Amino acid sequence: MTMLSRRSFFAAMLATSLIATPALAQTRKVTMALDWTPNTNHIGLYVAQAKGFYAEAGLDVDILPYSDTSAGALVANHVADFGIFGTISLMTQRTAGADLVATYAVVQTETGRLVFYDDRTDIQTPKDLDGLTYGGFGSDWENALIGNIIRHDGGKGEFETVTLGTSAYEALANGAVDFTLEVYTWEGVKAELENVAQRAFRYADFGVPDQHTTFIGSSQAYLDANPQTAAAFMAATQRGFAFAVEHPDEATDILLAANEGMLDRPLIRASLQALIDGHYLQTADGVIGTIDPAKMEATGDYLFKAGILRDADGAVVAERPDFGPYYSNAYLPE
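Below is a short write-up of the structure. Just so it is clear, the structure is predicted and the values come from calculations on it, not from any experiment.

Describing the sheet that holds strand 6 (residues 133-136)
Strand order in the open sheet formed by five strands is 7-6-8-5-9, with mixed pairing between adjacent strands. Lying at the two open borders of the sheet, with one neighbouring strand each, are strand 7 (160-163) and strand 9 (198-201). Here the average twist between neighbouring strands, direction ignored, is 35 degrees. Contacts between helix 8 (residues 184-193) and the sheet are confined to strand 5 (112-117), strand 8 (179-183) and strand 9, with strand 8 contributing the most and set at about 115 degrees to the helix.

Structure, rendered in structure tokens:
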């Protein structure tokens, strides 16, 4: 598989489909695990399901409800065929031995940012965060990220951390913490809708490499055993996200209908528009779903140098991993 170009892979897939036996032509079951409750990062999946793109590809896709077990763990342990996971979880879990491979970049550029309230006149640049309190989510990556951002601006990188999970946003609102991290296309948009004035620092402006943030991926075991199904699933999923970019009102309605009573329409619609206008789902020159090798190498290198990557025994890896096997564009159509 790895020796084939994408063009020859899809040519082989087409040739095989022309001589497919009735058994091979049967609908193929695919399970898809979410990384969180349904939101706009997932919209292409629901569109592909509702518009019949999966059915046209011969797939019966079951979008599994979000659970306490991470999508990466479900995929790596072959409980789910595909799942959504972030760059950091992909890099850390794969380095520790998890069978994970990213096959679709949901977003083409970083959606996260460091955020604080607009009335904090004492915060003008990242070095002003020294000595302040961060409301966090409990990962090593966060502290390394923030420390590096502050030091890049000339500060010491010294701050207090309080682990709060999603309660960090409430803590920011009531002044219990000074700053936190958020996803602009969700929490940031929500703040705008509620007329909450915020300011933010973009990671990439302070020495952090840009990243895709969110992926759809599988396990190498599944990809090796089911290359045609994987390619069909990726192509139909790409169609779903492309449709959402072109038809945001209908895509919003589809996501809401699939998750009745769970979602706020104004937030969903505004979030999707932010993803479109910011060229997150699809770049200005039309790139959608493709994983950028340069971004993967830069992010992996950054995590390695920060001491975030650990092996299966929990020890910080001493040698830079080969990040090539962590992702693949081979299952996307040309």
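A short note on the sheet that holds strand 10 (residues 214-218)
In a beta sheet, neighbouring strands pair by backbone hydrogen bonds and run either parallel or antiparallel. Strand order in the open sheet made by the five strands is 2-1-3-10-4, with mixed pairing throughout. Strands at the two margins of the open sheet, each flanked by one partner only, are strand 2 (59-64) and strand 4 (101-105). The sheet shows a mean angle of 30 degrees between the axes of neighbouring strands, taken without regard to direction. Of the strand pairs in this sheet, strand 1 (residues 28-33) and strand 3 (residues 82-86) are connected by two bridges, and their pairing is parallel. Residue pairing in the sheet places A33 in a bridge with G83 of strand 3. Its contacts with the sheet place helix 5 (residues 87-95) against strand 3, strand 4 and strand 10, and it is angled at close to 105 degrees to strand 3. Seen against the sheet, helix 10 (residues 227-246) touches strand 1, strand 2, strand 3, strand 4 and strand 10 and runs at an angle of roughly 60 degrees to strand 1.

Things to note about the pairing of strand 6
Here strand 6 shows two buried faces, one formed by T133 and G135 and the other by Y134 and G136. In terms of strand pairing, strand 6 meets strand 7 through four bridges, oriented parallel. When the bridges of strand 7 are listed, T133 appears paired with E160. As defined by bridge partners, strand 6 adjoins strand 8 across two bridges and the pair is classed as parallel. Bridge assignment links G135 to a residue of strand 8, and that residue is T180.

A look at the nonpolar core
Counting 46 residues, the largest nonpolar core has L45, F82, I216 and F233 as its most contacted members. Sorting elements by how many residues they give to this core places helix 10 first, with nine residues. In contact with L45, other than residues within four places in its own chain, are M32, L34, Y54, I63, I84, I216, F233, T237 and F241. A33, M91, I149 and F201 belong to the second-largest nonpolar core, a separate cluster that totals 44 residues.

With respect to the packing of helix 5 against helix 13 (residues 293-305)
Direction vectors running N to C along helix 5 and helix 13 enclose 65 degrees, while the axes themselves pass 11 Å from each other. For the element pair helix 5 and helix 13, the recorded crossing hand is right-handed. When helix 5 is examined against helix 13, the residues T87, I88, L90 and M91 are found in contact with a partner set consisting of M296, T299, G300 and L303. For the contact of helix 5 with helix 13, the per-class residue count stands at five nonpolar, three polar and no charged.

Comments concerning unusual backbone geometry
Positive phi is not limited to glycine here, since H78 has a value of about 60 degrees. Assignment of secondary structure puts H78 in the loop between helix 4 (71-76) and strand 3.

Section: the side chain of T180
Within the secondary structure, T180 is located in strand 8. For T180, a relative accessible area of 0% puts it in the buried group.

Quick word on the packing of helix 11 (residues 248-258) against helix 12 (residues 265-277)
Where helix 11 meets helix 12, the axes come as close as 10 Å, and the angle between the chain directions of the two elements is 135 degrees. The angle between the axes of helix 11 and helix 12 places the two elements in the oblique class. By crossing handedness, the relation of helix 11 to helix 12 is classed as right-handed. Between helix 11 and helix 12, the residues in contact are P248, D249, A251, T252, D253, L255 and L256 and R265, I268, R269, L272, Q273 and I276, respectively. Classifying every residue of the contact of helix 11 with helix 12 by side-chain character gives seven nonpolar, two polar and four charged.

Side note on helix 5
Where helix 5 is concerned, the buried positions are T87, I88, L90, M91 and T95. Viewed end-on, helix 5 has its buried residues packed into an arc of 165 degrees, placing them on one side of the element. The inward-facing, buried residues of helix 5 contact strand 3, strand 4, helix 6 (140-152), strand 10 and helix 13. Within two residues after helix 5, G97 carries a phi angle of roughly 110 degrees, on the positive side.

About the cut-offs
For every chain, the first residue of its written sequence is number 1, and the numbers climb from 1 along that sequence. Where totals are concerned, whole chains, interfaces and linings use all residues; where local detail is concerned, this predicted model gives features only for residues with pLDDT of at least 70, and gives and counts side-chain atom pairs only at 80 or more. Side-chain measures here rest on the full set of heavy atoms in the structure, leaving out hydrogens and waters. In short, DSSP must find at least two bridges between two strands for them to pair. Each helix is a run of DSSP H or I of at least 4 residues and each strand a run of E of at least 2, with the numbering of both proceeding from the N terminus. Lines fitted to C-alpha atoms define the axes here, with helix axes fitted over just the stretch in contact, and angles between the N-to-C directions of these axes take values from 0 to 180 degrees. Here a residue-residue contact requires only that any non-hydrogen atoms of the pair lie within 4.5 Å. Think of it in three bands: with a 1.4 Å probe and only protein chains considered, a residue is buried below 20% of the maximum accessible area for its type, exposed above 50%, and partly exposed in between. Among the buried residues, those of types Ala, Val, Leu, Ile, Met, Phe, Trp, Tyr and Cys that are joined through side-chain atoms within 4.5 Å form a nonpolar core. Helix crossings are classified by the rotation of the near helix relative to the far one: an anticlockwise turn of less than a right angle makes the crossing left-handed, while a clockwise turn makes it right-handed. The nonpolar class holds Ala, Val, Leu, Ile, Met, Phe, Trp, Tyr, Cys and Pro. Asp, Glu, Lys and Arg form the charged class, and all remaining residues, Gly among them, are polar. What sets the label is the angle itself: under 35 degrees gives roughly parallel, over 145 gives roughly antiparallel, 65 to 115 gives roughly perpendicular, and the rest give oblique. Arc definition: it is the arc formed by the directions from the helix axis to the C-beta atoms.

All we've got here are geometric facts, nothing functional implied.
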